[in-house]
Amino acid sequence: MQTVSIVNVTSYTGLELMRLLAEHPYFQITSVTGRSAAGQRLGQVFPHLYALAPGGQPGAGERLAHLEISEEPAQTDLAFVCLPHAAAAMAVQELLGRGIKVVDLSADFRLRDAALYEEWYRHTHPAPALLEQAVYGLCERYRERISTATLVANPGCYATAAILALLPAVTAGVVSASLIVDAKSGVSGAGRGLTLGTHYSEANEDLSAYSLGGHRHLPEILQELEGAARAAGQSYDQGLRLTFVPHLTPMTRGILATCYAELHPTAMGHLPTSDEIRALYKEYYAGEPFVHVIDQPPHTKWTYGSNHCFLYPLVDDRSGRLLVLSCLDNLVKGASGQAIQNANCMCGFDERIGLQGAAVYP
Ligand SMILES: NC(=O)c1ccc[n+]([C@@H]2O[C@H](COP(=O)([O-])OP(=O)(O)OC[C@H]3O[C@@H](n4cnc5c(N)ncnc54)[C@H](OP(=O)(O)O)[C@@H]3O)[C@@H](O)[C@H]2O)c1
């Protein structure tokens, strides 16, 4: 049994961790923090948590519901940090100093280069010395390094969808350097904080693109795809060129990313077929418990509340382009589920523990 804390449980990702960890047999939540709710019991602030019952023991949910939300995390084996960027780095530094392993859900330790972080996040990195020890928390790529890490940078939600969609193609070198990711997210991707754009009357019955000048997940996607291509010996001499256009859609959860890339002819002089591409993707993700290469376009509903990601790769013969549709729940595989997958890996548990539930459907 490992004790864990959730730092900023009053966030959507923190609450999602509560929901998922309540069923985890080896992680025991012993500490939760939350700025605006400090001093109150979890169940007082979030009445739905009264129903939690870890390990299926009747009445045990009350222990969680009665946990007091504190200002500072107590000593635990591992902490999940669900703070906004910058505030997260300060908390992470302090937790690591106390010998606590950390999974950070913010963007603070995802980019390896502090200068790149400063360019995209527009402030000085609060703890650049920790960047070197941080491991990017995509088990499908860094499983071994995560298993010995003390600090894991949980990937961004859009970044997870886009990277998983394009990794097999760029590492096999079957596509050119020019990539397009057109992604749609539900409003919980923007967090619990109130903004005009996420008001019901603004977001409902609406579909709009945003961050056209460059979304912050763009450098993260490039960093990971370029690194993977290099490691696989693929030479994209000038680097990859990515156009990434995120959209806000009137649903609570879910991301659907449609990714496009120009295909290279095979050694036989013809473009790869959809069957060949699908075989490449199936081989790449063979044995992965949470990534599924399927034969039809996925729906966000298939992932609602689950840690699964569905990929549908196909060739558009008329244009010679590869299309990959990638679908996940931004709060689960895009955040808290993936964080638990990483924590399982860091603590030597089976990655799937606590995460095997299917989506809530319909
Ligand atoms: N939402 C997603 O789908 C998603 C996916 C992947 C990663 N992430 C990342 O995960 C982290 C948490 O995201 P979230 O969407 O769950 O957050 P959120 O719901 O937006 O959390 C908002 C809460 O954070 C607290 N907060 C804000 N600034 C703070 C500060 N400086 N110090 C302490 N508390 C502060 C506030 O709580 P009080 O009201 O208690 O003050 C606020 O209600 C972020 O770094 C985010 O980028 C989010």
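Before any of the text, the structure's been laid out above.
Residues numbered from 1 in each chain as written. Predicted model: local features only at pLDDT ≥ 70, side-chain atom pairs only at ≥ 80, totals over all residues. Heavy atoms only, no water.

Student: How should I be thinking about the pattern of salt bridges in this particular structure?
Tutor: Pairing is possible between side chains of opposite charge, provided their charged atoms come close. All told, the structure shown has 15 salt bridges when counted by the stated rule. With its nearest N and O atoms 3.2 Å apart, the salt bridge here joins Glu220 to Arg110. On the criterion of sequence distance, the pair formed by Glu220 in helix 9 (residues 217–231) and Arg110 in the loop between strand 5 (101–104) and helix 5 (114–121) is long-range, its members being 110 residues apart. We classify Glu220 as buried; its relative accessible area is 2%. (Salt bridge = Lys/Arg side-chain N within 4 Å of Asp/Glu carboxyl O. Helix = DSSP H or I, 4+ residues; strand = E, 2+ residues; numbered from the N terminus. Buried < 20%, exposed > 50% of the residue type's maximum accessible area, 1.4 Å probe, protein only.)

Student: Which parts of the structure should I look at to understand the pairing of strand 4 (residues 78–81)?
Tutor: Regular strands show a simple pattern: their side chains alternate between the two faces of the sheet. The side-chain alternation of strand 4 yields two buried faces, one formed by Leu78 and Phe80 and the other by Ala79 and Val81. As paired elements, strand 1 (residues 2–7) and strand 4 share four bridges and run parallel to each other. Residue pairing across strands places Val4 opposite Leu78, the latter belonging to strand 4. Both strand 4 and strand 5 contribute to a ladder of four bridges, which runs parallel. Within strand 5, the residue paired with Val81 across the bridge is Asp104. At this point the chain moves from strand 4, through helix 4 (residues 87–97), to the parallel strand 5, and the crossover so formed is right-handed. (Pairing = 2+ DSSP bridges. Right-handed = clockwise from strand over helix to strand, strands pointing away.)

Student: What am I meant to see in helix 11 (residues 332–346) here?
Tutor: Given 3.6 residues per helical turn, the α-helix brings residues three or four places apart onto the same face. Taking 1.5 Å as the rise per residue, helix 11 with 15 residues should run 21 Å; its terminal C-alpha atoms sit only 18 Å apart, a clear shortfall. In the structure, helix 11 departs most strongly from a straight axis at Gln338, where the bend amounts to approximately 45 degrees. Counting buried residues along helix 11, 15 of its 15 residues qualify, which places the element largely inside the surrounding structure. Positive phi shows up at Gly348, right after helix 11, with a value of about 80 degrees. (Expected span 1.5 Å × (residues − 1). Bend = angle between axes of the 7 residues up to and from the residue.)

Student: Could you clarify how one ought to interpret the side chain of His247 in this entry?
Tutor: Here His247 lies in strand 10 (residues 241–248). The buried category is assigned to His247, whose relative accessible area is 12%. Non-local contacts of His247, meaning those with residues more than four positions away in its chain, are made with Tyr158, Asp182, Ala183, Lys184, Ser185, Leu207, Ser208, Ala209 and Tyr210. (Contact = heavy atoms within 4.5 Å.)

Student: Would you mind going over the packing of aromatic side chains with me for this structure?
Tutor: The description of an aromatic ring pair rests on the distance of the ring centres and on the angle between the ring planes. Going through the model one piece at a time under the given rule, you end up with seven aromatic pairs. Taking 5.3 Å as the distance between ring centres and 75 degrees as the angle between the ring planes, the aromatic pair formed by Tyr158 and Phe244 counts as edge-to-face. Of this pair, Tyr158 sits in helix 7 (residues 157–172) while Phe244 sits in strand 10, and the two are 86 residues apart along the sequence. Its relative accessible area of 4% is what places Phe244 among the buried residues. Arranged with centres 4.9 Å apart and planes meeting at 75 degrees, the rings of Tyr284 and Tyr285 form a pair that is edge-to-face. Through a chain of ring-to-ring contacts, three or more aromatic side chains come together here, namely Tyr26, Phe27 and Phe349. Just above the ring of Tyr304 sits the side chain of Arg253; from NZ or CZ to the centre is 5.5 Å. (Phe/Tyr/Trp six-rings, centres within 6.5 Å; stacked < 30°, edge-to-face > 60°. Lys NZ or Arg CZ within 6 Å of the ring centre and 35° of its normal.)

Student: It is not clear to me how the sheet that holds strand 5 should be interpreted in this structure. Could you clarify?
Tutor: Read across the sheet, seven strands follow the order 3-2-1-4-5-7-6 without closing on themselves; strand pairing throughout is parallel. Of all strands in the sheet, those with a lone pairing partner are strand 3 (69–70) and strand 6 (135–136), marking the two edges. Both strand 2 (residues 27–33) and strand 3 contribute to a ladder of two bridges, which runs parallel. Residue Thr33 lies in a different strand from strand 3, and its bridge partner there is Ser70.

Student: What am I meant to see in the side chain of Ser31 here?
Tutor: Among the structural elements, Ser31 can be located in strand 2. By relative accessible area, which is 4% here, Ser31 ends up buried. Of note is the side chain of Ser31, whose polar atom sits 3.0 Å from the backbone nitrogen of Ala74. Beyond its immediate sequence surroundings of up to four residues, Ser31 is in contact with Val4, Ser5, Ile6, Ser70, Glu72, Pro73, Ala74 and Thr76. (Polar contact = N/O pair within 3.5 Å; in protein donor to acceptor, adjacent residues only side chain to side chain.)

Student: Help me out: how do you make sense of the site of the ligand in this one?
Tutor: What surrounds the ligand is a group of 25 residues, the closest being Thr13, Arg35, Ser36, Leu83 and Arg192. Contact distances for the ligand include 3.0 Å between an oxygen atom and a backbone N or O atom of Tyr12. Burial of the ligand by the protein amounts to 77% of the accessible area it has alone, namely 900 Å². Elements represented by at least two residues in the shell around the ligand include exactly helix 1 (12–21) and helix 11. Broken down by class, the residue content of the shell around the ligand amounts to nine nonpolar, 13 polar and three charged. (Near = heavy atom within 4 Å. Areas by Shrake-Rupley, 256 points an atom, 1.4 Å probe, with all protein chains shown as cover. Nonpolar A, V, L, I, M, F, W, Y, C, P; charged D, E, K, R; others polar.)

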